[in-house]
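Coordinates in review
Each chain is listed here by its residues.
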Amino acid sequence: MEMDKLHRGGMLGIIASFLYLAFLGSGEISTIAGILGEGSAAIIGFILFLIGSAVFGGIYTGWVEGMATGGWQTLVVGLVYGIIWWIIAPNIIVPAITGGAVLALDLSGAHFYAHIISGVSLAWIAEATGGSKEA
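In this report, we go over the structure that sits alongside the text. (Residues numbered from 1 in each chain as written. Predicted model: local features only at pLDDT ≥ 70, side-chain atom pairs only at ≥ 80, totals over all residues. Heavy atoms only, no water.)

Some points on the packing of helix H1 (residues 3-24) against helix H3 (residues 42-64)
Axis separation between H1 and H3 bottoms out at 6 Å; the angle between their running directions is 125°. As judged from the angle between their axes, H1 and H3 are oblique. Along this stretch, H1 crosses H3, giving a crossing that reads as right-handed. Together, Lys5, Leu6, Arg8, Gly9, Gly10, Leu12, Gly13, Ile14, Ser17, Phe18, Tyr20 and Leu21 of H1 and Phe46, Phe49, Leu50, Ser53, Ala54, Phe56, Gly57, Gly58, Thr61 and Gly62 of H3 make up the contact between the two elements. The class makeup of the residues in the contact of H1 with H3 is eleven nonpolar, nine polar and two charged. (Axes fitted to C-alpha atoms, helices over the stretch in contact; angles between N-to-C directions. Helix = DSSP H or I, 4+ residues; strand = E, 2+ residues; numbered from the N terminus. Parallel < 35°, antiparallel > 145°, perpendicular 65-115°, else oblique. Left-handed = near helix turned anticlockwise from the far one by under 90°. Contact = heavy atoms within 4.5 Å. Nonpolar A, V, L, I, M, F, W, Y, C, P; charged D, E, K, R; others polar.)

Shown next as structure tokens:
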């Protein structure tokens, strides 16, 4: 796997994550910081959010992007990718750290829609920048 694809994906993931934050609001940063404990600063939450976003994008461009063949298929791949991350992040990783209920899948929650927005926008931005054609 080429490091250029991972670097590109990291940047695209960070860009797509700002749409995620636009949907959920900046309170998400405080929530992420709160996972580490009450004394954690919001800047720590923001840094962790950016790291997670870069991983989100890097995995997409490194392994998933090749499945997106263009047009509506790209949007479907992004939709599925967002849903997979919705299952992984707020329904497995966060509850495992905080002691909450693992896989308490709530389709009515804002996180579900935020992850879909982020996944679809990541796929769309990657396609718009010619990513799948580079391989």
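Continuing now.
A word on a nonpolar patch on the surface
A contiguous nonpolar patch, built from Leu36, Ile43, Ile44, Ile47, Leu48, Ile51 and Val55 and spanning about 590 Å² of accessible area, is present on the exposed surface. Considering every element that reaches the nonpolar patch, the biggest residue donor is H3, with six residues. Here Leu36 lies in helix H2 (residues 27-36). (Patch = residues over 30% accessible without salt bridge, like charges linked within 9 Å, V, L, I, M, F, W, Y side chains within 5 Å. Areas by Shrake-Rupley, 256 points an atom, 1.4 Å probe, with all protein chains shown as cover. Salt bridge = Lys/Arg side-chain N within 4 Å of Asp/Glu carboxyl O.)

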